[in-house]
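Next come the chains, spelled out residue by residue.
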Amino acid sequence: MLHRFSKFLAGCTVLLILAGSLVTSNDAGLSVPDWPTSYGWNMFTFPPSMWVANILYEHGHRLIASSVGFLTIIMAAWLWFAEPRRWLRWFGVAALGAVIAQGALGGLTVLFFLPAAISTAHAGLAEIFFCMTVAIALFTSPRWIASGAEPVDDALLRTVATTTTVLIYAQILVGATMRHTGAGLAIPDFPWMFGHVIPDHWSNAIAIHFTHRIGALLVTLAVLATATHVWFHHGDRRELTRPATLILLLVATQVTLGALTVLTQRNVWINSVHVVCGALVLTTSLVITLRTWRVRFSDVRGVRLQADPRRGDEVRLKPDTTSIGARA
Amino acid sequence: MLRNAWVGVLGMALAASVVACGGGSQEAAKPAESAAAAPAAGGGQKVDPATAGSVKGTVTVDGAVPKNDAIKMNADPVCVKANTSPQFQETYMVGADGKSLGNVFVYVKDGLGNYSYDPPTGEATIDQKDCRYHPHVFGMRVGQTLTIVNSDPTLHNIHAMPKGNAEFNNGQPIQGMKMTHTFSAKEVMVPFKCDVHGWMNAYVGVLDHPYFAISDKDGKFDISNLPPGTYTLEAWHEKLGTTTQSVTIGPKESKDVTFTFKAPAAATTN
Ligand SMILES: [Cu+2]
């Protein structure tokens, strides 16, 4: 049940990221000049008849964000009272802290007229929070808890997958910087750059944009390396092959969306879905990475596994309250 | 733990409102100061109307300008209702002759000595009406009161994006709302935009002297009561940039000046 709820929260966070990227894509970030009020109204009583034009995006983003914040409070509380793993209980608290800090950054960037540094930090923390919700969903999943099958133990894969995830996050930060400095069309053509393989002139905006394109190349190579390694060495491990296939599809989609963003001169929806797809690439890579590290979690403390002798692959979970903290 | 979270949220909200209020009052205090200081700032002699002359003239554009961008207002029903015909940006206001250019800010950039000027009479006004700014380009003095009005039955936020003055962004959700603002430093030009209706934009030139004018739809402008001297005049257009020329005025002389902008090459149409 907690696992379902955490999946629901991660899903809501995808929506929230879409809503947030629509704000930037529509240049609607300052369409509600005050915060936490909306045009002087309490955020929750601001009349829907006033959600016109760009206000719809900004105010909608604030409402969805509040809902996700509220769901995170529930999840943190739920983990706190029901989760036997101590570190996971605190991880829930950390997720709550992240979402509160995220709200504060969102408010600050409005009050200071969207400085690129605060807006980019808001984008960067959004991805961290999304990663946390996905990680909680993974940590509470029956498959994670049940180590009926021995987890994969492959040092090289751990390195490759971890590097890939870090690279993707860095690439997202560059993309966010590009969005919030208005450099999305600094190089107006694709795949060429001003008609050349490499730009023939430079500015800060062109450099940021160029870095994002090079980043795309590096991420693609890293993802290919991870996926190839998974398929060649762990082709029988569905918990790895499935996300490995998924991430290849996502990266292909993501590169296409990025190209289309330039070619359509930043079509609002293409641009926004590009942001969401980037977040999905990141979390898919995170899932692969965490599964390569699963073996290092040794056992799931406080949760005793009972294999059902009649069905070898199934397990029943029973919290073992007596051992909480004993081995932490 | 739940309680702690709520305390945190409340604390954040409190802190935010303090920040918001602090910003507001600071904004209000600054202009008042400079308004009081403005008349004394010149310190020099008064302009003698007996010898003052004027600069009149025309602004033209050489070549065909691109068509103004179309505006889609359908995101706000109030704007749609107020504008039944197709709507376009006001970027290029070209006269019937195809040459004269309106909405150009012409002003004395350099050459005024140490005069002291009468404080500005009256107030400048910018009105948000039919989901447009009226006027689209205008000038005002440092320390002068700018009245900002929302005449529309919809919400606007007026967002000024100066470089040398304090940035501000104020919401006017109710029809008939008014607020005032004064700029504390000269700046050519301060852009305004509405972030609710992305197409709404306007520009104000803020000067520490009264020698400025906006070209009308026939490209005509008139700067009068100018003391004899040699001046650098600048003409500013939101898309075509600036162009300057030097002009010398003798006592009681009226000079005719023409500013000509080059139309952008067809390839750079946007
Ligand atoms: Cu507006």
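Scroll up to find the structure.
Being a predicted model, the structure only gives us computed values, none of them experimental.

(A) Layout of the nonpolar core. Counting residues in hydrophobic clusters, the biggest one holds 57 residues, and the most contacted among them are Val68, Met75, Ile168, Ile247 and Leu290 of chain A. When contributions to this core are tallied by element, the ones reaching two or more residues are α1 (2–25), α2 (55–82), α3 (86–111), α4 (116–139), α6 (155–180), α7 (204–233), α8 (238–263) and α9 (268–293) of chain A. Both domain 1 (1–147) and domain 2 (150–297) of chain A contribute no fewer than three residues apiece to this core. Among all residues touching valine 68 of chain A, those that are not within four sequence positions of it are Leu9, Cys12, Thr13, Leu16, Val99 and Phe129 of chain A. Ranked by size, the runner-up nonpolar core spans 34 residues in total, among them Met50 of chain A together with Cys79, Ala124 and Leu146 of chain B.

(B) Focus on the coordination of the copper ion. Residue and element names in this part refer to chain B. Every protein donor of the copper ion is listed here as His156 (ND1), Cys194 (SG), His197 (ND1) and Met200 (SD), and their distances to the metal cover 2.0 to 2.7 Å. With 4 donor atoms in place around the copper ion and angles of 91 to 138° between them, the coordination shape is irregular. Of note, the copper ion draws all its donor residues from one chain, in the sequence arrangement H-x37-C-x2-H-x2-M. For the pair histidine 197 and methionine 200, a shared accessibility class is recorded, and that class is buried.

(C) Structural view of the interface of chain A and chain B. The partner chain B presents 29 residues to the 26 residues of chain A that form the contact. When the two sides are added together, the surface that chain A and chain B hide from each other amounts to roughly 2200 Å², 80% of it contributed by carbon and sulfur. If you look at where chain A meets chain B, you find 1 salt bridge. In this structure, aspartate 27 of chain A and lysine 193 of chain B form a salt bridge, with 2.7 Å as the shortest nitrogen-oxygen distance. Sorting the residues of the side of chain A that touches chain B by element identifies α2 and α3 of chain A as the ones contributing at least two each. Looking at which element gives the most residues to the side of chain A that touches chain B, the answer is α2 of chain A, with 6 residues. Residues of the side of chain A that touches chain B, tallied by class, amount to 23 nonpolar, 2 polar and 1 charged.

Each value, and the rule that gives it
Residues numbered from 1 in each chain as written. Chains lettered and ligands numbered in written order. Predicted model: local features only at pLDDT ≥ 70, side-chain atom pairs only at ≥ 80, totals over all residues. Heavy atoms only, no water. Core = buried A, V, L, I, M, F, W, Y, C linked by side-chain atoms within 4.5 Å. Buried < 20%, exposed > 50% of the residue type's maximum accessible area, 1.4 Å probe, protein only. Helix = DSSP H or I, 4+ residues; strand = E, 2+ residues; numbered from the N terminus. Domains from an automatic or database assignment. Contact = heavy atoms within 4.5 Å. Donors = N, O, S within 2.8 Å, 3.2 Å for Na, K, Ca; no water. Tetrahedral: all angles 85-135°; square planar, octahedral: opposite > 155°, others 65-115°. Buried area = accessible area lost by both parts, 1.4 Å probe. Salt bridge = Lys/Arg side-chain N within 4 Å of Asp/Glu carboxyl O. Nonpolar A, V, L, I, M, F, W, Y, C, P; charged D, E, K, R; others polar.

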